[in-house]
Amino acid sequence: MSTKTLPSLLDKMWHDYVTINPLAQKVHDLFTQRGDKVLNDHIALRTFNDPRVNIKVMAAPFVASGYKYGGEYFFKEKKLYAHHYEHADATLPKIFISELKLEECSDVLNKTVKDLLMQIPAGKEHDFDFCSMGTPWKKVSKATYETLYKETEYAAWVAAFGYRPNHFTVFMNALRSFQDIHQLNDFLKAQGIKLNASGGEVKGTPEVFLEQSSTMANNIEVQFSDGAMQIPACYYEFAKRYPLPNGQLYQGFVAASADKIFESTHKGQ
Ligand code: NI
């Protein structure tokens, strides 16, 4: 069934996300069992910079729902560019949308992506819930996934999972039972949850007004055109925001930290 309103879209995105990442539901429940209130800091989406599905297209349902552009980010080595969008209602999650810069990728990758995008039914990308529809193309082969993965894990993830949240992020400031992000990480590790250690478990510092950590993506079985294979799916992120000198909480992102967080979907880190 098609979704036309922001609350139902956010709800659909969450249910879809925890279906393939049950660990997020488990962590969410652990927090609520401690009496904490779980608010989402942001939801992250991945796409390609092709005009049919670029950031602007992906942002459209959110902009139509009152979201405003909040900042841009560059990830040179990963060949990514991103925007974040925020809403005047601070209880609504920010939307972080990144896109792969195809002109910086190989001919083979470009051909594969073009083949995928050509399969999207005309106009489908303008559906309100396109960003939550999964793969609007036929299953790729295992070999295609592996070829993409070798060049950029990001493209392989989008080819396999399509349009859906890559991760949700818990707004740590709203968790009253944790003193700081280190205590939160220790709690998660004590539950046997593996954290992304690339660049250290905590990305960022109070000096850059944002600290982040994340779980590693769980492997799930995905059907490819030539059979099933276990691949990394989604992860859960945690963000603590600090006030700027003007007293307002920093609402942006820190590219150096996000760069490492992207690696939460890498294999066998
Ligand atoms: Ni994030």
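Refer to the structure above for everything that follows.
To keep things clear, this report deals only with the structure shown in the data block.

Description of the overall build of the protein
Argument step 1. From N to C terminus, the protein includes 8 helices and 9 strands.
Argument step 2. Along the longest, intermediate and shortest principal axes, the C-alpha atoms of the protein span 50 × 40 × 35 Å.
Argument step 3. Contacts in the protein between residues at least 24 apart in sequence constitute 68% of all its contacts with a sequence separation of at least 6.
Argument step 4. Of the accessible surface of the protein, which amounts to about 11,900 Å², a share of 54% is contributed by carbon and sulfur atoms.
Argument step 5. The protein carries 30 positive and 31 negative side-chain charges, and their two centres are separated by 2 Å.

Quick look at the packing of helix α5 (residues 142-151) against helix α6 (residues 153-161)
Argument step 1. Where α5 meets α6, the closest approach of the two axes is 5 Å, and the angle between their N-to-C directions is 150 degrees. With respect to α6, the axis of α5 lies roughly antiparallel. Residue-level contacts link Tyr145, Leu148, Tyr149 and Glu151 of α5 to Glu153, Ala155, Ala156, Trp157, Ala159 and Ala160 of α6.
Argument step 2. Classifying every residue of the contact of α5 with α6 by side-chain character gives 8 nonpolar, no polar and 2 charged.

Things to note about the coordination of the nickel ion
Argument step 1. Taken together, His42 (NE2), His167 (NE2) and Glu237 (OE) make up the full set of protein donors to the nickel ion, lying 2.1 Å away.
Argument step 2. Read in sequence order, the donor residues coordinating the nickel ion give the pattern H-x124-H-x69-E. Taken together, the residues span a long stretch of sequence, with histidine 42 in strand β1 (residues 40-48) and glutamate 237 in strand β9 (residues 235-241) at a distance of 195 residues.
Argument step 3. Taking the relative accessible area as the measure of exposure, glutamate 237 reaches 1% and is therefore buried.

A look at the packing of helix α4 (residues 107-118) against α5
Between two packed helices, the angle of one axis relative to the other and the distance separating the axes together describe the packing.
Argument step 1. The N-to-C vectors of α4 and α5 enclose an angle of 130 degrees; their axes lie 10 Å apart at closest approach. Taken together, the axes of α4 and α5 lie oblique to each other. Crossing of α4 against α5: the hand is left-handed. Two secondary-structure elements touch here, α4 through Val108, Leu109 and Thr112 and α5 through Thr144, Thr147, Leu148 and Glu151.

Considering the side chain of lysine 94
Argument step 1. If you trace the backbone, lysine 94 turns up in strand β4 (residues 94-100).
Argument step 2. Residue class for lysine 94 comes out buried when judged on its relative accessible area of 7%.
Argument step 3. Look past the residues within four positions of lysine 94 in its chain and what remains in contact with it is Asp41, His42, Ile43, Tyr67, His84, Tyr85, Glu86, Arg241, Gln251 and Phe253.

Thoughts on the side chain of serine 98
Argument step 1. Relative to the helices and strands, serine 98 resides in strand β4.
Argument step 2. A residue is classified by how much of its surface remains accessible, and serine 98, at 1% relative accessible area, is buried.
Argument step 3. Reaching out from serine 98, the side chain makes a polar contact with the side chain of tyrosine 154 at a distance of 2.7 Å.
Argument step 4. Discounting residues that sit within four places of it in the chain, serine 98 has contacts with Leu45, Arg46, Thr47, Ile55, Tyr81, Ala82, Tyr154 and Phe262.

Details of the sheet that holds β4
Argument step 1. Taken in spatial order, the 7 strands line up as β2-β3-β4-β1-β5-β9-β6 in an open sheet, and their pairing is mixed. This sheet does not close on itself; its edge strands, each paired only once, are β2 (68-75) and β6 (210-214). Direction aside, the axes of adjacent strands within the sheet are offset by 20 degrees on average.
Argument step 2. Strands in contact with α6 are β1, β3 (80-86) and β4; relative to β1, the strand with the most contacts, it is inclined by about 90 degrees.

Side note on the pairing of β6
Argument step 1. Judged by how many residues are buried, β6 sits mostly within the fold: 5 of 5 residues are covered.
Argument step 2. Going residue by residue along β6, you find Leu210, Gln212 and Ser214 tucked away on one face and Glu211 and Ser213 tucked away on the opposite face as well.
Argument step 3. Relative to β9, β6 runs antiparallel, the two sharing 5 bridges. Paired with leucine 210 across the strands is arginine 241, a residue of β9.

Considering empty space enclosed by the protein
Argument step 1. Within this structure, the stated rule accounts for 1 cavity of 30 Å³ or more.
Argument step 2. Quantified by volume, the largest cavity comes out at close to 100 Å³.
Argument step 3. In this structure, the largest cavity is lined by 15 residues; those nearest its centre are Phe96, His167, Glu237, Ala258 and Ile261.
Argument step 4. Of all the elements in the fold, those that place two or more residues in the lining of the largest cavity are β1, β4, β9 and α8 (255-261).

Brief notes about the packing of aromatic side chains
Argument step 1. Counting across every chain of the model gives 23 aromatic pairs.
Argument step 2. Judged by centre distance (6.2 Å) and plane angle (65 degrees), the ring pair of tyrosine 154 and phenylalanine 262 falls under edge-to-face. Residue tyrosine 154 is located in helix α6, and its partner phenylalanine 262 is located in the segment after α8; the two are separated by 108 residues in the primary sequence. Pair check on accessibility: tyrosine 154 and phenylalanine 262 agree, each one buried.
Argument step 3. On the numbers, 5.1 Å between centres and 40 degrees between planes, the contact of tryptophan 157 with phenylalanine 161 is tilted. Here tryptophan 157 and its partner phenylalanine 161 are both found in helix α6, 4 residues apart, which amounts to about one turn of the helix. When sorted by exposure, tryptophan 157 lands in the same class as phenylalanine 161, which is buried.
Argument step 4. Taken together, the aromatic side chains of Trp14, Tyr17, Phe31, Phe168, Phe178, Phe187, Tyr236 and Phe238 make up a single cluster linked through ring pairs.
Argument step 5. The lysine or arginine in question, arginine 34, covers the ring of phenylalanine 178, its NZ or CZ lying 3.9 Å from the ring centre.

About the cut-offs
Residues numbered from 1 in each chain as written. Predicted model: local features only at pLDDT ≥ 70, side-chain atom pairs only at ≥ 80, totals over all residues. Heavy atoms only, no water. Helix = DSSP H or I, 4+ residues; strand = E, 2+ residues; numbered from the N terminus. Contact = heavy atoms within 4.5 Å. Areas by Shrake-Rupley, 256 points an atom, 1.4 Å probe, with all protein chains shown as cover. Lys, Arg positive; Asp, Glu negative; His and termini not counted. Charge placed at Lys NZ, Arg CZ, Asp CG, Glu CD. Axes fitted to C-alpha atoms, helices over the stretch in contact; angles between N-to-C directions. Parallel < 35°, antiparallel > 145°, perpendicular 65-115°, else oblique. Nonpolar A, V, L, I, M, F, W, Y, C, P; charged D, E, K, R; others polar. Donors = N, O, S within 2.8 Å, 3.2 Å for Na, K, Ca; no water. Buried < 20%, exposed > 50% of the residue type's maximum accessible area, 1.4 Å probe, protein only. Left-handed = near helix turned anticlockwise from the far one by under 90°. Polar contact = N/O pair within 3.5 Å; in protein donor to acceptor, adjacent residues only side chain to side chain. Pairing = 2+ DSSP bridges. 1 Å grid on protein atoms, 1.4 Å probe; cavity = no way out; pocket = protein on both sides within 12 Å on 5 of 7 lines; lining within 4 Å. Points joined across faces, edges and corners; volume = space filled by probe spheres on them. Phe/Tyr/Trp six-rings, centres within 6.5 Å; stacked < 30°, edge-to-face > 60°. Lys NZ or Arg CZ within 6 Å of the ring centre and 35° of its normal.

Note that every value here comes from positions in space, so none of it alone points to a role or purpose.
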